[in-house]
Amino acid sequence: MRIDFLGLEAFLSIAERGSFHRAAANLNLSQTALSHRMRKLEDDLGVKLLVRTTRHVALTPAGLDLLPKARRILDEAVRSFEDLRRQGRAQQERLAIGCLPTISIRYIPRVLAEFTRMYPSLDVQVFDNSAGEIADHVQSGRAEFGITIVSVNRWDLEVTELLKEPFVLVCPADHRFAAEKAITWADLEGQPLVRVSPQTGNRVLIDDALGPRRETLSWRYEVQHLSTAVSLVASGIGLAVVPRLAVEASGRTGIATVPLRNPSVTRSLGVVVKRGLPLSPAAEDLLKLISRTLRSRE
């Protein structure tokens, strides 16, 4: 049964004031409109709640029974609406997004500098996590959108591709590979290599591209983050295959990047959003800035 909140409000106002006239004034209604609400409530419930005489209003036994229940129902409704209003205000004052660390390190600072000029009072939270974690944040509603690897396969998420980028070999600048225009995966056999954790989307892309061939390579070191892999290369203890953006984001000197062939491996980067849920105006503007920056990068 549908709850008649307007009828309960009318009933409670009359019961507390003992007068249709005072109740109508309190609710900013005409006495005719107030009477109509009461008749509708009583008709819906099938009981008489009030006895009205020329001099006063009294509650029937059914009205006395309903009075504390009506108060609880309306009090709970008021609290619920206030909670929703607070949440709405908080959402208007804060924006959360997800973004791969390789993008957030290099591009998000300049994007947020421009975005802050557009929304100077808006707080921004960036979940600079893995692709899987970003998908979780968007799916749960903690983030409005994510910039991530296009590999999400969840029915309630929608992904739009922004760009493709290649995986490259990273080696010390004085390594013999640094002078090559390109190398093949076969050239890496016997070389000490650094790879990232199998829980990351980047590792999955490389493993899928290489197939059984990956077992012929010497994976000497395993790390959780691409930035750590690049740091190990800079220290001279091994080589790594990482997305080009990871090298750009590291800012490391003393290293070189070389294209890889046979096979070439790329990753697609895109925007993930909750399917059917529109972005807020601020999120739309931030996404436009990020998309424009990534597509125009050197």
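The name given to the protein in an unreviewed UniProt entry is LysR family transcriptional regulator, with the source organism recorded as Rhodoplanes azumiensis. As its UniProt record puts it under Sequence similarities (unreviewed entry), the protein is described as follows: "Belongs to the LysR transcriptional regulatory family."

A. Up close: the packing of aromatic side chains. Under the counting rule described, the total for this entry stands at one aromatic pair. Taking the ring centre of F20 as reference, the NZ or CZ of R52 above it sits at 3.8 Å.

B. Spatial organisation of the environment of S291. Tracing the backbone shows S291 in helix α11 (residues 281-295). Along the sequence, S291 and V111 sit 180 residues apart, while their C-alpha atoms lie 9.9 Å from each other.

C. Unusual backbone geometry, seen in detail. A cis amide bond, omega 0°, links N262 with the succeeding residue P263. Inspection of the secondary structure puts P263 in the loop between β11 (255-261) and β12 (266-274). The residue N28 is not glycine, and still its phi comes out positive at about 60°. By the element assignment, N28 lies in the loop between α2 (20-27) and α3 (31-45).

D. Quick peek at α2. For α2, every residue scored as buried is listed here: F20, A23, A24 and L27. The buried residues of α2 occupy one face: seen down the axis, they fall within an arc of 100°. The exposed residues of α2 that point more than 90 degrees off its buried face are H21 and A25. The elements touched by buried residues of α2 are α1 (5-17), α3, β1 (50-52) and β2 (57-59). Looking one or two places after α2, you find N28, whose phi comes out positive at around 60°.

E. Focus on helix α8 (residues 201-210). Buried within α8 are the following residues: N202, R203, I206, D207 and L210. Summarising the axial view, the buried residues of α8 lie within an arc of 130°, below the 170-degree limit, and thus occupy one face. Looking one or two residues past α8, G211 carries a phi angle of roughly 65°, positive in sign.

F. Local environment of the pairing of strand β3 (residues 94-99). A large share of β3 lies buried, amounting to five of its six residues. When β3 meets strand β4 (residues 123-127), the two strands line up parallel, connected through five bridges. Looking at the pairing, A96 lines up with Q125 of β4. With three bridges connecting them, β3 and strand β5 (residues 145-149) associate as parallel partners.

Cut-offs used in this document
- Residues numbered from 1 in each chain as written.
- Predicted model: local features only at pLDDT ≥ 70, side-chain atom pairs only at ≥ 80, totals over all residues.
- Heavy atoms only, no water.
- UniProt positions renumbered as here; feature names shortened; annotations may be inferred.
- Phe/Tyr/Trp six-rings, centres within 6.5 Å; stacked < 30°, edge-to-face > 60°.
- Lys NZ or Arg CZ within 6 Å of the ring centre and 35° of its normal.
- Helix = DSSP H or I, 4+ residues; strand = E, 2+ residues; numbered from the N terminus.
- Buried < 20%, exposed > 50% of the residue type's maximum accessible area, 1.4 Å probe, protein only.
- Arc of directions from axis to C-beta.
- Contact = heavy atoms within 4.5 Å.
- Pairing = 2+ DSSP bridges.

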